[in-house]
Amino acid sequence: MRISNLILFIGIIFFGCSPTPTSRKNPEIGFTIERGLRIPIEDDFNPDISRVQYFESDSGEFLVIQNKTNFELGFFSLDEEKLKKTIPLSKEGPNGIGITNGFQVINKDSILIASIPPRIHILNFLGEKINSIKITDPDNKANYLSSNNETPLIFSEKIIYGAQPFFQDIYTAKISELANSKPFFKTILNKDSTRTDWINIHRPEDEWVFGKKSLDISWAEFGDTILVSPQLDHQVWAISKSSEKILATKKIKANNINGFRIIDSSPVGDSELIKDLENGRYEILLYDTYRNVFYRFFYPGINIDSFNLTPRQLLANHAKVGIIIFNKEFDIIGEHIFENNFVQPWNYFVGKKGLYVSTNNPNRDDFDESILRYDIVRFEGLNYEN
């Protein structure tokens, strides 16, 4: 472990248990828009925004998105603002990958594909399958695997890290099952064989102490650490890949989230959707490797009567999206809420120039399905390249 990481971990442990005073509010952080991007897409390209990945290579900066109409990955040049390359995918046959659930481009010629039933497929840039790894869950919690914007597969030194945090039936799951479950796995790639181990890391024991909550999480990697952000908890967890332990937890709380939807019965009509919207929740966690900060996105609690939209429309494309910015020492730098359908939820990524947020929310009057539209956001107090 590097000395800098060791110092960071000691700092996390020292400060991790200090609760944030309830009266303290995160400061509002200002921002500017560096510029906007408008990337045209053809009629036969239907972007799947459940996974958008920034990819930097010798050829420039790219946004990678899967096309739901033609089964392929599209590489869009951020400099030229156009589609530069497509990689064909196959559902069946020798290169077949079945039902996909996200991807991760790991270098200039390799792609990881998550599929259901749980498998990780390794493809080259011709779409040819190099390997296929079955992921078996010994506890049979759920038949699930993803590499989406919440929990992208993490590749590090011939090891693939993945998350499977769910149960087949959360309504009947017991607290003891939660405490004993292992939500994370690692697949070790060897020349002649592979091995998948479920890491001996358990969820925090107090996660359901005030009631049963969703198990959804997001995560982000920085160095030896993976930071885990639950959707329905203020605390984030710092996990060490080398020691395979939770080093500490830390409260990173949004100003406008004070409670969470508690699961006490099967949903009836829109009642659970309304509870979710009124309480709010956390969403995607991103690490900005260029400025060494984290972005914890969230949906603030809202009054649904203030919007001329149904609960289902609001849940599909939240009207308000917030962001908490904090550093690797878990000091909160600031918070901002994008108002009135300014951004499209789930559709953002980090690049050299700043944070890219999609401004093509389907609930906006100027929504345009024929383009990919992003603003490059720069926050006060952070350093940016010209």
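Note that this is a predicted model, so its numbers are computed, not measured.

Participant: Got a minute to help me understand the environment of I201 in this structure?
Facilitator: Its location among the elements puts I201 in the loop between β13 (194–198) and β14 (217–222). Taking the C-alpha atoms as reference points, I201 and S358, separated by 157 residues in sequence, lie 35 Å from one another. Apart from the residues lying within four places of it in its own chain, the contact partners of I201 are S181, K182, P183, F184, I239, E244, K245 and I246.

Participant: How should the sheet that holds strand β24 (residues 371–379) be read in this particular structure?
Facilitator: Sheet strands pair via backbone hydrogen bonds, and the direction of the pair is either parallel or antiparallel. Pairing within the open sheet is antiparallel, and its four strands lie in the order β1-β24-β23-β22. In the strand order of this sheet, the two ends are held by β1 (31–40) and β22 (348–351), each with one partner. The average angle at which neighbouring strand axes cross in this sheet is 25°, direction not considered. Relative to β24, strand β23 (residues 354–358) runs antiparallel, the two sharing four bridges.

Participant: How do you make sense of the pattern of salt bridges when you look at a structure like this?
Facilitator: Pairing is possible between side chains that carry opposite charge, provided their charged atoms lie close to one another. By the definition in use, this model includes 22 salt bridges. The residue E221 makes a salt bridge to K241 at a minimum N-O spacing of 2.5 Å. In this pair, E221 is assigned in strand β14 and K241 in the loop between β16 (235–240) and β17 (245–251), connecting sequence segments 20 residues apart. Classification of K241 as buried rests on a relative accessible area of 10%. Through salt bridges with shared partners, a single ionic network connects R261, E272, K275, D276 and R281.

Participant: Please explain the pairing of β24 as it appears in this structure.
Facilitator: Regular strands show a simple pattern: their side chains alternate between the two faces of the sheet. Along β24, nine of the nine residues are buried, which leaves the element largely enclosed by surrounding structure. Of the two faces of β24, the one lined by I371, R373, D375, V377 and F379 and the one lined by L372, Y374, I376 and R378 are each fully buried. Two strands pair when backbone bridges link them, and β1 and β24 are joined in this way by nine bridges, in the antiparallel orientation. The partner of F31 across the bridge, within β24, is F379.

Participant: Before we go on, may I ask you to explain a negative patch on the surface in this structure?
Facilitator: On the surface, E42, D43, D44 and E369 cluster together to form a negatively charged patch. Counting through the fold element by element, E42 comes out in the loop between β1 and β2 (47–57).

Participant: Is there a simple way to explain the sheet that holds strand β4 (residues 72–77) in this structure?
Facilitator: Read across the open sheet, the four strands follow the order β2-β3-β4-β5; overall the sheet is antiparallel. Edge positions in the sheet fall to β2 and β5 (82–88), since each of these pairs with one other strand and no more. Recorded for the sheet is a direction-independent mean angle of 25° between the axes of neighbouring strands. One ladder, built from six bridges, connects β4 with β5; its direction is antiparallel. Along β5, the bridge assignment pairs E72 with P88.

Participant: What should I look at first to understand unusual backbone geometry in this one?
Facilitator: Across the chain, the bulk of peptide bonds are trans and the bulk of non-glycine residues have phi less than zero. Residue I116 is joined to P117 through a cis peptide bond whose omega torsion reads 0°. On the secondary structure map, P117 appears in the loop between β7 (110–116) and β8 (119–123). For K158, which is not glycine, the phi torsion reads 65° and is therefore positive. If you trace the backbone, K158 turns up in the loop between β10 (154–156) and β11 (159–163). A positive phi angle, close to 50°, is found at N340, a residue other than glycine. Along the chain, N340 turns up in the loop between β21 (332–338) and β22. Look at N340 and you get exposed, because its relative accessible area is 56%.

Participant: Help me understand the environment of V105 in this model?
Facilitator: Inspection of the secondary structure puts V105 in strand β6 (residues 99–107). For the pair formed by V105 and A248, sequence separation is 143 residues and the distance between their alpha carbons is 30 Å. Those residues in contact with V105 that lie beyond four places of it in its chain are Q53, F55, V64, F75, S110, I111 and F125.

Conventions and cut-offs
- Residues numbered from 1 in each chain as written.
- Predicted model: local features only at pLDDT ≥ 70, side-chain atom pairs only at ≥ 80, totals over all residues.
- Heavy atoms only, no water.
- Helix = DSSP H or I, 4+ residues; strand = E, 2+ residues; numbered from the N terminus.
- Contact = heavy atoms within 4.5 Å.
- Pairing = 2+ DSSP bridges.
- Axes fitted to C-alpha atoms, helices over the stretch in contact; angles between N-to-C directions.
- Salt bridge = Lys/Arg side-chain N within 4 Å of Asp/Glu carboxyl O.
- Buried < 20%, exposed > 50% of the residue type's maximum accessible area, 1.4 Å probe, protein only.
- Patch = residues over 30% accessible without salt bridge, like charges linked within 9 Å, V, L, I, M, F, W, Y side chains within 5 Å.
- Areas by Shrake-Rupley, 256 points an atom, 1.4 Å probe, with all protein chains shown as cover.
- Lys, Arg positive; Asp, Glu negative; His and termini not counted.
- Charge placed at Lys NZ, Arg CZ, Asp CG, Glu CD.

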